[in-house]
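# Breakdown of the fold
The chain contents come next:
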Amino acid sequence: MVKKYFDAPVLEIAGPEIAVDIFDTPFFYNDGGNPSYVKELPSAATLLAPAATDPHVAIGREYVVPEIIGVKPTPPYGIETQLGLLADEVVYEPMWATRDVAAAFGITLVEKGQAVPLSCPVANLSQIEYEYGVFAGHWSPYQGTGDKLLTVVCTDLEHHDFPHVFASTDPHLPLVISVGRYWPKLCKIRLADLWVPRGSALYIPPKPAIPGQECVDLHNNRNSARACWGSLGQSSVTTHTLLQANNGYFYWFWNATPTAHGNLSPKA
């Protein structure tokens, strides 16, 4: 019997890593599309205030969350919460990451020449270059399917005590970050895919678990290469991410209902 296989798909490849001490370099500066961390800002830089969380702002596709199916501690990494969503399919509405759109999920858009002050309960973070494949979202860490490539994509969102910078540094395509805003007391969630133009970045401040908070802002970057869909020439994107590489504590929110992620027309 002759066996023929497809090329192995890229899920996630970690590349070069640089240490970032935010006590020594407390600003993220978008230096002409290159993510950088500096002690003092250039005179021409525009300093932004991080977006404030306004629970009354609601954009993206809305779904009812009638129940929490289960909460599972996963020491030492964090806590996993399975949401019950009232839907047969969950649509992540694609939209360009403008200033107002990003702020609706507690995120700051940082364009070329702009900067934002960093905050974190620990000093030592890492900026890592990643390559994400177009099928990276087709893997589930929750459903006992191992490393199989799945035919459906589940909802998989998180928040955590350390900050993120998601820099759109691929030379050809924008970066896509899936986001959600969840109102536990109102039993509803809003979902979207933010398309980050090349050369821009998203700053997500530390978002710890706060008992009784009105809304919870969530994100995930496993669908980073969404803009590759429909392309014959590119099946992965390059991006740079600031994160706490060691000893980070996460809060994951997931649901098994199949999701749909549409495309926008890629732009610079």
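The rules we used
Residues numbered from 1 in each chain as written. Predicted model: local features only at pLDDT ≥ 70, side-chain atom pairs only at ≥ 80, totals over all residues. Heavy atoms only, no water. Helix = DSSP H or I, 4+ residues; strand = E, 2+ residues; numbered from the N terminus. Buried < 20%, exposed > 50% of the residue type's maximum accessible area, 1.4 Å probe, protein only. Salt bridge = Lys/Arg side-chain N within 4 Å of Asp/Glu carboxyl O. Patch = residues over 30% accessible without salt bridge, like charges linked within 9 Å, V, L, I, M, F, W, Y side chains within 5 Å. Areas by Shrake-Rupley, 256 points an atom, 1.4 Å probe, with all protein chains shown as cover. Pairing = 2+ DSSP bridges. Axes fitted to C-alpha atoms, helices over the stretch in contact; angles between N-to-C directions.

## Remarks on unusual backbone geometry
Geometrically, the link from Pro75 to Pro76 is a cis peptide bond, its omega value of 0° lying close to zero. Mapping Pro76 onto the fold places it in the loop between strand E6 (67-74) and strand E7 (78-84). If you check the backbone angles, Cys187 has positive phi at about 60° while not being a glycine. The residue Cys187 is located in the loop between strand E14 (175-183) and strand E15 (188-196) in this model. In this structure Cys187 comes out as partly exposed when scored by relative accessible area, which is 32%. Its identity as a non-glycine residue notwithstanding, Asn247 has a phi of 65°, on the positive side. Within the secondary structure layout, Asn247 lies in the loop between strand E18 (236-243) and strand E19 (250-255).

## Considerations on the pattern of salt bridges
Summed over all chains, the structure comprises six salt bridges. Put simply, Arg99 and Glu111 hold a salt bridge, and the shortest N to O gap is 3.3 Å. Within this pair, whereas Arg99 is found in helix H1 (residues 99-103), its partner Glu111 is found in the loop between strand E9 (108-110) and strand E10 (114-117), the two being separated by 12 residues in sequence. Arg99 gets classed as partly exposed once you look at its relative accessible area, which sits at 31%. The exposure class assigned to Glu111 is partly exposed, which follows from its relative accessible area of 34%. Overlapping salt bridges, with partners in common, bring together Arg181, Lys207 and Asp217 in one network.

## Some remarks on a nonpolar patch on the surface
Taken together, the side chains of Leu11, Phe135, Leu149 and Trp229 make up a nonpolar region of the molecular surface, amounting to roughly 310 Å² of accessible area. Inspection of the secondary structure assignment puts Leu11 in the segment before strand E1 (12-21). The exposure class of Leu11 is partly exposed, given its relative accessible area of 31%.

## Concerning the sheet that holds strand E11 (residues 124-133)
With antiparallel pairing, the six strands of this open sheet are ordered in space as E1-E11-E18-E13-E16-E9. Two strands lie at the open edges of the sheet, namely E1 and E9, each paired on one side alone. For this sheet, the mean angle separating the axes of adjacent strands, direction not counted, is 20°. Sheet analysis places E11 next to E18, joined by eight bridges and oriented antiparallel. Paired with Glu129 across the bridge in E18 is His240.

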